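Architecture and fold: a report
Here is how the chains run, residue by residue.
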Amino acid sequence: MKRSDGRKFNELRPVTITTDFVKFAEGSVLIQCGDTKVLCCASVEDRTPPHVQPGCGWVTAEYSMLPRANRQRSRRDVDKLKVPGRSAEIQRLIGRSLRAAVDMELLGERTITVDCDVLQGDGGTRTASVTGGFIAMALACRRLVEDGYLGRSPIRHYVAGISAGIVEDEAMLDLQYSEDSRAMVDLNCVMNELGEIIELQGTGEGRAFTLREQQELVELCAKGNRELIAKEKEILGGTL
């Protein structure tokens, strides 16, 4: 099967990451993966939720799609108490993924909230949010160090996310919408720089899939995540 954009089956879409995209957030990133564009802003507050142990910090995330992020207008999430099911599931995934990168004791009694707003969706918005959100969070932690609030960054791992899927019985990396909408199998994978899996979501959309196929998709994601983490290291100067 030939991909519509001419990519190889194991090739990422072009990735562009612009840091400090907005003025006021402690860390901000505009990440563009092909035609998917997500704005990620990390905000720091000197408080934590009630469930967090004394002396420890917390990382959480919110995710939303702007009304014209997709091909048809979606309704704006006006009532924050009624987050749509898809958005709630995705923001929990982002939060879990980012918490895996942080030493909460080093962070101290602070909360970092990473807001991921999809400006344009063409597949892979949740994984782009993880990758962009990680960089925004790392920049926010760097500012805490530069401003003297922390002795060193609480970031202990790089984290990135990417998707893979099976379309017309062929496994391929980083599906765009035209592929994702036809995928028989869809898999999202979040990993750290050690190649360890933080989050794995696999779904048989059109048919069930085998363990061998799952392994093939995970290996594709591992390749993609290595490339994304290399880009993170380049942007962050190789130090956390």
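Just above, that's the structure.
Residues numbered from 1 in each chain as written. Predicted model: local features only at pLDDT ≥ 70, side-chain atom pairs only at ≥ 80, totals over all residues. Heavy atoms only, no water.

Assigned secondary structure in the chain consists of five helices and nine strands. Each helix and strand of the chain, ordered N terminal to C terminal, gives the series β-β-β-β-α-α-β-α-β-β-α-β-β-α. Scaling as 2.2 N^0.38, a compact globule of 240 residues should have a C-alpha radius of gyration of about 18 Å, and the chain matches this with 18 Å. Based on the C-alpha atoms only, the size of the chain along its principal axes is roughly 55 × 40 × 30 Å. The proportion of buried residues among the 240 residues of the chain is 49%. For the chain, restricting intrachain contacts to residue pairs at least 6 apart in sequence, the fraction spanning at least 24 positions comes to 70%. Here the chain displays about 11800 Å² of accessible surface, and carbon together with sulfur accounts for 48% of that area. (Helix = DSSP H or I, 4+ residues; strand = E, 2+ residues; numbered from the N terminus. Rg over C-alpha atoms; globule rule 2.2 N^0.38 Å. Buried < 20%, exposed > 50% of the residue type's maximum accessible area, 1.4 Å probe, protein only. Contact = heavy atoms within 4.5 Å. Areas by Shrake-Rupley, 256 points an atom, 1.4 Å probe, with all protein chains shown as cover.)

Taking strand neighbours across the sheet as the criterion, the four strands line up as 7-6-8-9 in an open arrangement whose pairing is antiparallel. Each edge of the sheet is formed by a strand with only one pairing partner; in this case those strands are strand 7 (170-173) and strand 9 (197-204). The average undirected angle you get between the axes of adjacent strands in this sheet is 15°. Bridging between strand 6 (residues 159-167) and strand 7 involves four bridges; their strand directions are antiparallel. Paired with Ala 164 across the strands is Leu 173, a residue of strand 7. Contacts from helix 1 (residues 85-99) reach strand 6, strand 8 (185-192) and strand 9, with the element oriented near 150° to strand 9. Lying over the sheet, helix 5 (residues 211-235) contacts strand 6, strand 7, strand 8 and strand 9, oriented at roughly 145° with respect to strand 6. (Pairing = 2+ DSSP bridges. Axes fitted to C-alpha atoms, helices over the stretch in contact; angles between N-to-C directions.)

Evaluated as defined, the whole model comprises 15 salt bridges. Note that Asp 5 and Arg 7 form a salt bridge whose closest N and O atoms lie 2.6 Å from each other. The class for Arg 7 is buried, based on a relative accessible area of 8%. Between Arg 96 and Glu 199 there is a salt bridge, and its shortest N-O distance comes to 2.7 Å. Of this pair, Arg 96 sits in helix 1 while Glu 199 is found in strand 9, placing the two residues 103 residues apart along the sequence. What emerges from the salt-bridge pattern is a single network uniting Arg 3, Asp 5, Arg 7, Arg 13, Asp 174 and Glu 179. (Salt bridge = Lys/Arg side-chain N within 4 Å of Asp/Glu carboxyl O.)

Turning next to the sheet that holds strand 2 (residues 27-33). In spatial order, the strands read 1-2-3-5-4; together these five strands make up an open sheet with mixed pairing. Strands with a single pairing partner mark the edges of an open sheet, and in this sheet they are strand 1 (15-19) and strand 4 (58-65). Pairs of neighbouring strands in the sheet enclose a mean axial angle of 15°, with direction left out of account. Bridge count between strand 2 and strand 3 (residues 36-45): seven bridges; the pairing is antiparallel. Directly across from Val 29, in strand 3, lies its bridge partner Cys 40.

The side chains of a regular strand alternate between the sheet's two faces. As paired strands, strand 8 and strand 9 are joined by seven bridges and run antiparallel to one another. Each residue of the ladder has a partner; that of Asn 188, found in strand 9, is Gln 201. Adjacent in sequence and paired antiparallel, strand 8 and strand 9 are bridged by four residues, among which Gly 195 carries a positive phi angle near 85°.

Moving on, we come to the nonpolar core. Counting residues in hydrophobic clusters, the biggest one holds 63 residues, and the most contacted among them are Ile 94, Ile 112, Phe 134 and Met 137. When residues in this core are grouped by element, the largest group, eleven residues, is from helix 3 (residues 125-146). (Core = buried A, V, L, I, M, F, W, Y, C linked by side-chain atoms within 4.5 Å.)

Another aspect to go through is the environment of His 157. Its place among the elements puts His 157 in the loop between helix 3 and strand 6. Linking His 157 and Arg 182, residues 25 residues apart in sequence, is a C-alpha distance of 34 Å. In contact with His 157, other than residues within four places in its own chain, are Ala 100, Ala 101, Phe 134, Asn 192, Glu 193, Leu 194 and Leu 240. A distance of 3.1 Å separates polar atoms of two side chains, one belonging to His 157 and the other to Glu 193. (Polar contact = N/O pair within 3.5 Å; in protein donor to acceptor, adjacent residues only side chain to side chain.)

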